[in-house]
Amino acid sequence: DAMVIQNPRYQVTQFGKPVTLSCSQTLNHNVMYWYQQKSSQAPKLLFHYYDKDFNNEADTPDNFQSRRPNTSFCFLDIRSPGLGDAAMYLCATRGGGNIQYFGAGTRLSVL
Amino acid sequence: QQQVKQSPQSLIVQKGGISIINCAYENTAFDYFPWYQQFPGKGPALLIAIRPDVSEKKEGRFTISFNKSAKQFSLHIMDSQPGDSATYFCAASIEPGGYNKLIFGAGTRLAVHP
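This write-up is about the structure you can find in this document.

Conventions we followed
- Residues numbered from 1 in each chain as written.
- Chains lettered and ligands numbered in written order.
- Predicted model: local features only at pLDDT ≥ 70, side-chain atom pairs only at ≥ 80, totals over all residues.
- Heavy atoms only, no water.
- Pairing = 2+ DSSP bridges.
- Helix = DSSP H or I, 4+ residues; strand = E, 2+ residues; numbered from the N terminus.
- Axes fitted to C-alpha atoms, helices over the stretch in contact; angles between N-to-C directions.
- Disulfide = S-S within 2.5 Å.
- Buried < 20%, exposed > 50% of the residue type's maximum accessible area, 1.4 Å probe, protein only.

Within a beta sheet, neighbouring strands are joined by backbone hydrogen bonds and run either parallel or antiparallel to one another. All names here are of chain B. Taking strand neighbours across the sheet as the criterion, the five strands line up as 1-3-8-7-6 in an open arrangement whose pairing is antiparallel. Looking at strand neighbours, the two that pair on one side only are strand 1 (4-7) and strand 6 (56-59), the edges of this open sheet. Each strand axis lies, on average, 15 degrees off the axis of its neighbour in the sheet, ignoring direction. Taken together, the four bridges between strand 6 and strand 7 (residues 62-67) define a ladder with antiparallel strand orientation.

On to the state of the cysteines, then. A full pass over the atoms with the stated rule returns two disulfides over all chains. One disulfide bridge connects Cys23 of chain A with Cys91 of chain A, the sulfur atoms lying 2.0 Å from each other. Looking down the S-S bond of the Cys23 of chain A and Cys91 of chain A bridge, the torsion is -75 degrees, so its handedness is left-handed. Of this pair, Cys23 of chain A sits in strand 3 (residues 19-25) while Cys91 of chain A sits in strand 9 (residues 87-94), and the two are 68 residues apart along the sequence. The buried category is assigned to Cys23 of chain A, whose relative accessible area is 1%. Look at Cys91 of chain A and you get buried, because its relative accessible area is 0%. For Cys23 of chain B, the disulfide goes to Cys90 of chain B, at an S-S distance of 1.9 Å. Residues Cys23 of chain B and Cys90 of chain B are joined by a disulfide whose S-S torsion is about -100 degrees; by sign, that bridge is left-handed. With Cys23 of chain B in strand 3 (residues 19-25) and Cys90 of chain B in strand 9 (residues 86-94), this residue pair connects regions lying 67 residues apart in the sequence. On the accessibility criterion, Cys90 of chain B (0% relative accessible area) is buried.

And the structure:
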């Protein structure tokens, strides 16, 4: 059973049109991460939540925002997607150990 | 200093052969070194991990060798199978503020030919 669930699996949006990606987890983990992964590249951390505490990576563009209304859910909002934002977006969680559990990702296309 | 360098970028191995992927790091504060396996269209999944106080860890056909003095670690896949064809990422973990940040290598695309 999937423990980190991302919806939708594929998202198409238009240039400049806001889009929201969602992630839910059944692991009750207190840390949730959002990564961006472009083709043939490593995942790049955008930000993470430690419980409700939000932490932005220094090089994450302001265009990317996140919300975590409760332990189970986390959202990635892209306010004005550009062509360069087309990528796979991965959500991950972490509990008490070091293991990060990744979802299957949402592939975002920007037209 | 936060980088993890991974090589080779791509690797072709015959079925039954040994696949070897190497990684190197600079930051001695890293304290956890996982390998993630990623199939096309899927998220990365933890394959095997090691801490710097251990020189080798084996799980089935997968072995991590760790050389603390050289700041290098490698993944060996014995008896490689076509089902092992995937992209492999090494990573190193650091815990600024306790949240466990993974620094990924650039990835190795492995193809195992029948």
